[in-house]
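Here is how the chains run, residue by residue.
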2 protein chains.
Amino acid sequence: MSATNIVPVGFAQHDHSACIEDAIAAAETRCENERLRLTPVRRKVLEFLLREHRALGAYEILDLLREVGFGSQPPVAYRALDFLVAHGFVHKLERLNAFVACAHPGQTHSPAFMICRLCDTVAETQSAPTSGALGAAARAAGFRVERTVVEAEGVCPACATKTGS
Amino acid sequence: MSATNIVPVGFAQHDHSACIEDAIAAAETRCENERLRLTPVRRKVLEFLLREHRALGAYEILDLLREVGFGSQPPVAYRALDFLVAHGFVHKLERLNAFVACAHPGQTHSPAFMICRLCDTVAETQSAPTSGALGAAARAAGFRVERTVVEAEGVCPACATKTGS
DNA sequence: AACTGAAATGCAATAACATAACAAGAAAGG
DNA sequence: CCTTTCTTGTTATGTTATTGCATTTCAGTT
């Protein structure tokens, strides 16, 4: 992994239309390889999340699904999200009860997030759960860590500049 | 801070009645010093959380409040919890949408939690948000971290033993 | 092509979590 | 005592998430 892979992209400009296409294509490839089914609903949900490039609530996603003619009951969205989260295409932000497309698809990762409380922009980066204070505490306690939620709330560079703080 | 302070207590036996009394007394002292009002409802909620020594949902707390004669509408519980969380007596577990009494009252801290997915026991420890991968990413991105959510999900020692895994 | 079992979807209902808005009461400070 | 502020009680509503069940679709097999 090169050093640039761990630089968050959420607070920077980038070629967005290409990033969507690439991400969809990568997801398709991976689903084929692993015999997973990227069905129309699932694909559409992933596409919405990539397009918006921000955290969306399940009901926002549901509204978008309705607009394009899919079922509009909550389970439709939640099931698609469950699939996408289970396979690492999407992450859930526990702090916001919302979902974002994974910014580092394909890499095994323990994601960590920076969430701007002013503009709600989210940047994904990597955490290292087994090193650091938490890993040490878990080893000391005999706790087996299977998954970590790491979310930092604060102010992103753009908002810090705007508000002059 | 001595090394023993970072050892989680959530997976170990301890003198529980003493720990409740001490924590309540400490909260009272601190509220007096800081001109905070530990009102009957707030005190009772803190007491419930200390007594149960596990994460309780707001509606579980509400049921307990009802049983002892307080108002039983959601805002009653949420307001007490808001106060207790704001002043560090209680933490919210974003992963569970539930609340636990702080295990390290008085210390300034960025809490981190280990949550057993089998028995729901929660142990609190310390995280070091500014060091480690997340801190480095935040500095690199120019993101100002104000608060961190660090929650590890996994299996506690007791459940690992029970299930033989 | 028909059969079968597993997976996915559609849908209705409901559960679980959380807040807004306003009236009434209690405490602190003058 | 009076005013201001904080706290509580209550009604109503908003938001997030799941359960259960019937139906359809899909992959693999006959």
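Everything quoted here is computed from the prediction, not taken from an experiment. (Residues numbered from 1 in each chain as written. Chains lettered and ligands numbered in written order. Predicted model: local features only at pLDDT ≥ 70, side-chain atom pairs only at ≥ 80, totals over all residues.)

**What about the sheet that holds strand β4 (residues 122–126) of chain B?**
One open sheet holds the 6 strands; their spatial order is β4(A)-β3(A)-β5(A)-β5(B)-β3(B)-β4(B), and the pairing between them is mixed. On the outer flanks of this sheet lie β4 (122–126) of chain A together with β4 of chain B, each paired with one strand and no other. Strand-to-strand, the axes of this sheet are offset by a mean angle of 20 degrees, without reference to chain direction. Where strand β3 (residues 111–116) of chain A and β4(A) come together, 5 bridges link them in antiparallel fashion. Bridge pairing in β4(A) places Ile115(A) opposite Val122(A). (Pairing = 2+ DSSP bridges. Helix = DSSP H or I, 4+ residues; strand = E, 2+ residues; numbered from the N terminus. Axes fitted to C-alpha atoms, helices over the stretch in contact; angles between N-to-C directions.)

**Re the protein's contact with DNA strand D**
Within the structure, DNA strand D sits among 19 residues, and Pro74(A), Thr39(B), Gly71(B), Gln73(B) and Pro75(B) are positioned closest to it. Only α3 (58–67) and α4 (74–86) of chain A together with α2 (40–52) and α4 (74–86) of chain B provide two or more residues apiece to the surface near DNA strand D. By residue number, the principal contributor to the surface near DNA strand D is α4(B), which donates 5 residues. Partitioned by chemical class, the residues of the surface near DNA strand D number 11 nonpolar, 5 polar and 3 charged. (Near = placed C-beta within 6 Å. Nonpolar A, V, L, I, M, F, W, Y, C, P; charged D, E, K, R; others polar.)

**Some thoughts on the protein's contact with DNA strand C**
In the region of DNA strand C, 19 residues are neighbours, and Thr39(A), Gly71(A), Pro75(A), Pro74(B) and Asn97(B) sit closest. Sorting the residues of the surface near DNA strand C by element identifies α2 (40–52) and α4 of chain A together with α3 (58–67) and α4 of chain B as the ones contributing at least two each. Sort the elements by how many residues they give to the surface near DNA strand C and α4(A) lands first, with 5 residues.

**Overview of the relation of the copies chain B and chain A**
Expressed as a screw operation, the relation of chain B to chain A combines 0.1 Å of axial shift with a rotation of 179 degrees, fitting to an RMSD of 0.2 Å. Here the transformation between the copies is reduced to the relation of a two-fold axis. The C-alpha atom lying nearest the rotation axis in chain B is that of Val150(B); the distance is 2.3 Å. When the interface residues of chain B are mapped onto chain A, 100% of them again fall at the interface, so both copies present the same face. (Least-squares fit on C-alpha atoms with pLDDT ≥ 70 in both. Contact = placed C-beta atoms within 7 Å.)

**Some remarks on helix α1 (residues 16–33) of chain B**
The first and last C-alpha atoms of α1(B) sit 26 Å apart over 18 residues, in line with the 26 Å expected at 1.5 Å per residue. Among the residues trailing α1(B), Arg35(B) stands out with phi positive, at a value near 55 degrees. (Expected span 1.5 Å × (residues − 1).)

**Description of the confidence of the model for chain A**
All names here are of chain A. Summary statistics for chain A give a mean pLDDT of 89 and a share of 93% for residues scoring 70 or more. Mean pLDDT values over the elements of chain A span from 90, in helix α1 (residues 16–33), up to 98, in strand β1 (residues 90–93). Confidence drops under pLDDT 50 across residues 1–6; counting only partners more than four residues distant or on other chains, this segment forms 5 contacts. (pLDDT = per-residue confidence, 0-100.)

**Let's talk about the interface of chain B and chain A**
For an interface, size is often stated in terms of accessible area lost upon the parts coming together. Between chain B and chain A, the residue contacts involve 38 residues of the former and 38 residues of the latter. Looking at which element gives the most residues to the side of chain B that touches chain A, the answer is strand β5 (residues 144–155) of chain B, with 12 residues. Along the lines of polarity and charge, the residues of the side of chain B that touches chain A split into 24 nonpolar, 7 polar and 7 charged. The sheet contact formed by strand β5 (residues 144–155) of chain A and β5(B) spans 11 bridges and is antiparallel. From the neighbouring strand, Val150(A) faces β5(B), where its bridge partner is Val150(B).

**Observations concerning the packing of α2(B) against α3(B)**
Residues and elements named next belong to chain B. Where α2 contacts α3, the axes come no closer than 10 Å and their chain directions differ by 120 degrees. Taken together, the axis directions place α2 and α3 in an arrangement best described as oblique. With respect to the hand of their crossing, α2 and α3 are arranged in right-handed fashion. For the pair α2 and α3, contact is made by Val 41, Lys 44, Val 45 and Phe 48 and by Ile 61, Leu 64 and Leu 65, respectively. (Parallel < 35°, antiparallel > 145°, perpendicular 65-115°, else oblique. Left-handed = near helix turned anticlockwise from the far one by under 90°.)

**A few points about helix α5 (residues 132–141) of chain B**
Every buried residue of α5(B) is listed here: Gly132(B), Leu134(B), Ala137(B) and Ala138(B). Looking at the buried side of α5(B), the elements it contacts are β3, β4, α5 (132–141) and β5 of chain A together with β5 of chain B. Immediately beyond the C-terminal end of α5(B), within one or two residues, lies Gly142(B), with a positive phi of roughly 75 degrees. (Buried ≥ 20, exposed ≤ 12 C-beta atoms within 10 Å, placed from the backbone.)

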